[in-house]
Amino acid sequence: MSNDAQQIVIVGSSFAGMTAALEIRRKLDERHRIVVLDPHADFTFIPSLIWLPFGLREPEDVTFPLGPIYQRKGIDFRATAATGFDLDQRIVHTADGEDVHYDKLLLATGPRLAFDKIPGLGPHGGHTQSVCTLDHALLARDAWTRFLENPGPVVVGTAQGGSCFGASYEFLFNVKHRIDKAGLAAAAPVTFVTAEPFLGHFGFGGVADSAKRVERFFERLGIEGIPSNAIAEVRDGEMQLEGGRVLPFAYSMIVPPFTGVDAIRATPGLGNPMGFVPIDDEFRHPQHRDVFAAGVDIAIAPPAQTPVPAGVPKTGQMSEAMARVAAHNIAADVNGTATQQMPLSEIAAVCVLDAGNNGIIFKADHVLGDSRHPHVMAGPQAHWAKVAFERYFLATRRRGMASL
Ligand SMILES: Cc1cc2nc3c(=O)[nH]c(=O)nc-3n(C[C@H](O)[C@H](O)[C@H](O)COP(=O)(O)OP(=O)(O)OC[C@H]3O[C@@H](n4cnc5c(N)ncnc54)[C@H](O)[C@@H]3O)c2cc1C
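The name an unreviewed UniProt entry gives the protein is Sulfide-quinone reductase, with Patulibacter medicamentivorans as the organism.

Structural data, given as structure tokens:
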């Protein structure tokens, strides 16, 4: 056990970072300081962003300010970004110019949204929408309003190198639900483009009969699915696929490729070539033993190569599970107690694909490798499960609780 006061720095305050900050605070006495850095002063419940473009949620429904919660908990929050790390001196460089020393560092930065990898992709200077951040979802809402005035074909999907397949499926089903409700089905055919080798693969091979279930959903809703495809370029109103096919669109939402964030990519020896952080079973960097990582910023090798690069999904629930293990081990290092291991092959996932008034729930007790008790369920309960989880999550986090 260390008798000296330690400084724990957490970079990123979303699913992984906030969970870890609250858990570490619970496990360490007040001598030890916890500093959280994130340029966003508000937490955003990202899973609800699929509803925002359709006016079903407002920003204030799905966000809350982090500062007051952290202040109450005795956690120091700074609304600034890390710009790089000095791993020898144990320093985090920040955008506001103030260096922050750490004894233990947790990286929870999520991904960089790499729109720049595909010409014409993305809402800033490109032609497609995104629901990966609140700002993007607001732009997607403006574009949806314009689309309703002038409807036409819709293209939704996940680009090569993306890993958040659930989000694009959910957005797809919600878009289709809204189009049908507005009586626009004939004017607005919907196409789904994905890097997955088959529909319902989700970046890890699928769960039980997920491929059949998703295909059946597509058939019933009249959606064309184009799996195993890469996007070559997006131009105003049309998407060029690498196989040569051109898809015209009046509205498009594409989840972009993911890489690690710039601060990690700029630090030699911290990330892999993509900028994701390698970790061992303790969520600890293999070389820099005081550095931990959890959430979307960790490196996970896909269980099998796919013809078009498709990343392994790291859901919010998986990110929280990783953060709890990392938090336990950071506190264990400081308190001199036993550490905990959770091999990536042991991580479970529950994935709810909302479809507006319907949906599919997938449960896999192992995301990687064979799931021993896979479970798939379709029906309106999937929609209500997502709404219930949203309410539970926001209610507990607004009170500064990492769980009930
Ligand atoms: C539309 C959509 C729907 C989804 N639905 C679901 C769902 O239903 N269920 C589910 O489990 N998962 C869902 N997910 C996935 C889930 O949102 C992610 O798994 C989760 O957000 C990952 O959490 P994270 O903390 O690792 O990273 P993120 O949520 O990406 O957060 C990273 C944080 O780090 C901060 N940051 C970045 N760079 C820096 C820096 N240099 N310095 C300081 N801070 C930095 C960012 O501002 C951000 O706050 C969905 C994702 C999307 C896009």
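## Quick word on the sheet that holds strand β12 (residues 190-194)
Strand order in the open sheet made by the 4 strands is β13-β12-β11-β17, with parallel pairing throughout. With one partner strand each, in any of the chains shown, β13 (224-226) and β17 (251-255) form the two edges of the open sheet. The mean inter-strand angle of the sheet, taken between neighbouring strand axes irrespective of direction, is 15°. In the sheet, strand β11 (residues 154-158) pairs with β17 via 5 bridges, with the strands oriented parallel. Note that in β17 the partner of Thr-158 across the bridge is Val-255.

## Points about the site of the ligand
The immediate surroundings of the ligand are formed by 32 residues, with Ser-14, Asp-38, His-40, Lys-314 and Gly-316 found nearest. Here Thr-315 contributes a backbone N or O atom positioned 3.3 Å from an oxygen atom of the ligand. Out of a free accessible area of 990 Å², the ligand has 86% covered by protein chains. For the shell around the ligand, the secondary structure elements donating two or more residues are α1 (15-27), α5 (165-181) and α8 (316-335). Ranked by the residues each element gives to the shell around the ligand, the list is headed by α8, at 3 residues. Tallied by class, residues from the shell around the ligand come to 18 nonpolar, 10 polar and 4 charged. Summarising the domain contributions, the shell around the ligand has at least three residues from each of domain 1 (7-113 + 260-345) and domain 2 (115-258).

## Re the UniProt feature "domain: FAD/NAD(P)-binding" (unreviewed entry) in the protein
Per the UniProt annotation, the sites labelled "domain: FAD/NAD(P)-binding" (unreviewed entry) are residues 7-299. Helix makes up 25% of residues 7-299 and strand 24%. Its end C-alpha atoms lie 25 Å apart.

## Overview of unusual backbone geometry
In this model, Arg-90 sits at a positive phi of 55°, which is unusual for a non-glycine residue. Inspection of the secondary structure puts Arg-90 in the loop between β6 (82-86) and β7 (91-94). Phi at Ser-228 is positive, roughly 55°, even though this residue is not glycine. Along the chain, Ser-228 turns up in the loop between β13 and β14 (231-235).

## Some thoughts on the pairing of β7
Only one face of β7 is covered, namely the one carrying Val-92 and Thr-94; the face carrying Ile-91 and His-93 has none of its residues buried. Taking the residues between adjacent antiparallel strands as the criterion, β6 and β7 are bridged by 4 residues, where Arg-90 takes a positive phi near 55°. Relative to strand β8 (residues 100-101), β7 runs antiparallel, the two sharing 2 bridges. Looking at β8, one finds that Ile-91 is bridged to His-101. Hairpin connection from β7 to β8: 5 residues lie between these consecutive antiparallel strands, with Gly-97 at a positive phi of about 85°.

## What to know about the pairing of β12
Among the 5 residues that make up β12, 5 are buried, leaving the element largely enclosed by the rest of the structure. Across 5 bridges, the pairing between β11 and β12 is parallel. Among the inter-strand pairings, Val-154 is bridged to a residue of β12, identified as Val-190. The parallel pair β11 and β12, bridged by α5, forms a crossover whose chirality is right-handed. With 3 bridges connecting them, β12 and β13 associate as parallel partners. Bridging from a neighbouring strand, Phe-192 pairs with Gly-225 of β13. After leaving β12, the chain enters helix α6 (residues 210-221) and then returns to the sheet as β13, a path that is right-handed.

## Overview of the pattern of salt bridges
According to the stated counting rule, one finds 25 salt bridges in the structure shown. Arg-265 is the partner of Asp-262 in a salt bridge, and the nearest nitrogen-oxygen pair spans 3.4 Å. With Asp-262 and Arg-265 both in helix α7 (residues 262-265) and 3 residues apart, the pair spans about one turn of that helix. Assessed through its relative accessible area of 47%, Asp-262 is described here as partly exposed.

## Topic: the packing of aromatic side chains
Tallied over the entire structure, the rule returns 25 aromatic pairs. Centroid distance Tyr-169 to Phe-192: 4.6 Å. Interplanar angle 35°. Geometry classified as tilted. Of the two residues, Tyr-169 sits in helix α5 while Phe-192 sits in strand β12, which places them 23 residues apart along the sequence. The class for Tyr-169 is buried, based on a relative accessible area of 0%. Geometrically, the ring pair formed by Phe-173 and Phe-217 is tilted, given 4.8 Å between the ring centres and 55° between the ring planes. Here the residue Phe-173 occupies a position in helix α5, and Phe-217 occupies one in helix α6, the gap between them amounting to 44 residues. Using a relative accessible area of 1% as the deciding quantity, one classes Phe-173 as buried. Clustering of aromatic rings is evident, with ring pairs tying together Tyr-169, Phe-173, Phe-192, Phe-202, Phe-204, Phe-217, Phe-218 and Phe-362. Taking the ring centre of Trp-51 as reference, the NZ or CZ of Lys-386 above it sits at 5.6 Å.

About the cut-offs
Residues numbered from 1 in each chain as written. Predicted model: local features only at pLDDT ≥ 70, side-chain atom pairs only at ≥ 80, totals over all residues. Heavy atoms only, no water. Pairing = 2+ DSSP bridges. Helix = DSSP H or I, 4+ residues; strand = E, 2+ residues; numbered from the N terminus. Axes fitted to C-alpha atoms, helices over the stretch in contact; angles between N-to-C directions. Near = heavy atom within 4 Å. Polar contact = N/O pair within 3.5 Å; in protein donor to acceptor, adjacent residues only side chain to side chain. Areas by Shrake-Rupley, 256 points an atom, 1.4 Å probe, with all protein chains shown as cover. Nonpolar A, V, L, I, M, F, W, Y, C, P; charged D, E, K, R; others polar. Domains from an automatic or database assignment. UniProt positions renumbered as here; feature names shortened; annotations may be inferred. Buried < 20%, exposed > 50% of the residue type's maximum accessible area, 1.4 Å probe, protein only. Right-handed = clockwise from strand over helix to strand, strands pointing away. Salt bridge = Lys/Arg side-chain N within 4 Å of Asp/Glu carboxyl O. Phe/Tyr/Trp six-rings, centres within 6.5 Å; stacked < 30°, edge-to-face > 60°. Lys NZ or Arg CZ within 6 Å of the ring centre and 35° of its normal.

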